[in-house]
Amino acid sequence: MTFVVTDNCIKCKYTDCVEVCPVDCFHEGPNFMVIDPDECIDCALCEPECPAEAISSEDDLPPEMAQFLEINAKKAKEWPSITAHKEALPEADKWNGVKDKLQYLEE
Ligand code: SF4
Ligand code: F3S
């Protein structure tokens, strides 16, 4: 199993999640964050930390978020590791809660 970052992180990227991960498995893209499934130890510490409620365990992933499992696995191999909190994206609060943000994902 792994934890997965889903749609509502896009254009928000609050980064609170990276601070608590004991194994540094977060990787950062331009406007999204992903979890490396090969490194995640399923500790669940990150899930309640996300102000956008964008993190879910693989087992609890809603069907409409299923594609994020593959997106996390793929992008984790491409994007650099991030281990420290930084400022959220400038319009994070405006975008928090907006539906279907995958169309805005920057690679
Ligand atoms: Fe890191 Fe634990 Fe979250 Fe996995 S569940 S990404 S190990 S904090
Ligand atoms: Fe994204 Fe939530 Fe982390 S918005 S960067 S998953 S704290």
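Residues numbered from 1 in each chain as written. Chains lettered and ligands numbered in written order. Predicted model: local features only at pLDDT ≥ 70, side-chain atom pairs only at ≥ 80, totals over all residues. Heavy atoms only, no water.

Going by an unreviewed UniProt entry, the protein carries the name Ferredoxin and comes from Candidatus Berkiella aquae. Recorded under Function (unreviewed entry), the UniProt text for the protein is reproduced unchanged: "Ferredoxins are iron-sulfur proteins that transfer electrons in a wide variety of metabolic reactions." (UniProt positions renumbered as here; feature names shortened; annotations may be inferred.)

1. Describing the layout of surface pockets
Its boundaries defined by the atoms lining it, the largest pocket holds a volume of some 300 Å³. In this structure, the largest pocket is lined by 14 residues; those nearest its centre are Asp7, Asn8, Met65, Lys99 and Asp100. Here the lining of the largest pocket is built from residues that sort into 5 nonpolar, 4 polar and 5 charged. (1 Å grid on protein atoms, 1.4 Å probe; cavity = no way out; pocket = protein on both sides within 12 Å on 5 of 7 lines; lining within 4 Å. Points joined across faces, edges and corners; volume = space filled by probe spheres on them. Nonpolar A, V, L, I, M, F, W, Y, C, P; charged D, E, K, R; others polar.)

2. Some details on the site of ligand 1
The immediate surroundings of ligand 1 are formed by Phe3, Cys21, Pro22, Val23, Cys25, Phe26, Ile35, Cys40, Ile41, Cys43, Ala44 and Cys46. Along the lines of polarity and charge, the residues of the shell around ligand 1 split into 12 nonpolar, no polar and no charged. (Near = heavy atom within 4 Å.)

3. What about the pattern of salt bridges?
Inspection of every chain in the model, using the stated rule, returns 8 salt bridges. In this structure, the salt-bridge partner of lysine 74 is glutamate 78, at a minimum N-O distance of 3.6 Å. Among the residues examined, lysine 74 registers a relative accessible area of 44% and is labelled partly exposed. Lysine 75 serves as the salt-bridge partner of glutamate 107, at 2.4 Å between the closest nitrogen and oxygen. Of this pair, glutamate 107 sits in the segment after helix 3 (92-95) while lysine 75 sits in helix 2 (residues 67-76), placing them 32 residues apart in sequence. Look at the salt bridges and you will find they share partners, linking Lys74, Lys75, Glu78 and Glu107 into a network. (Salt bridge = Lys/Arg side-chain N within 4 Å of Asp/Glu carboxyl O. Buried < 20%, exposed > 50% of the residue type's maximum accessible area, 1.4 Å probe, protein only. Helix = DSSP H or I, 4+ residues; strand = E, 2+ residues; numbered from the N terminus.)

4. Brief notes about the nonpolar core
Counting residues in hydrophobic clusters, the biggest one holds 32 residues, and the most contacted among them are Phe26, Phe32, Ile35 and Ile55. Mapped onto this core, the elements with two or more residues apiece are strand 1 (3-5), helix 1 (16-20), strand 3 (33-35), helix 2 and helix 3. Here isoleucine 35 is in contact with Thr2, Phe3, Val4, Val5, Cys25, Phe26, Cys40, Cys46, Ile55, Asn72 and Ala76, once residues within four sequence places are set aside. (Core = buried A, V, L, I, M, F, W, Y, C linked by side-chain atoms within 4.5 Å. Contact = heavy atoms within 4.5 Å.)

5. Side note on helix 2
Residues of helix 2 that are buried: Phe68, Ile71, Asn72, Lys75 and Ala76. Summarising the axial view, the buried residues of helix 2 lie within an arc of 115°, below the 170-degree limit, and thus occupy one face. Looking at the buried residues of helix 2, the elements they touch are strand 1, strand 2 (26-28) and strand 3. (Arc of directions from axis to C-beta.)

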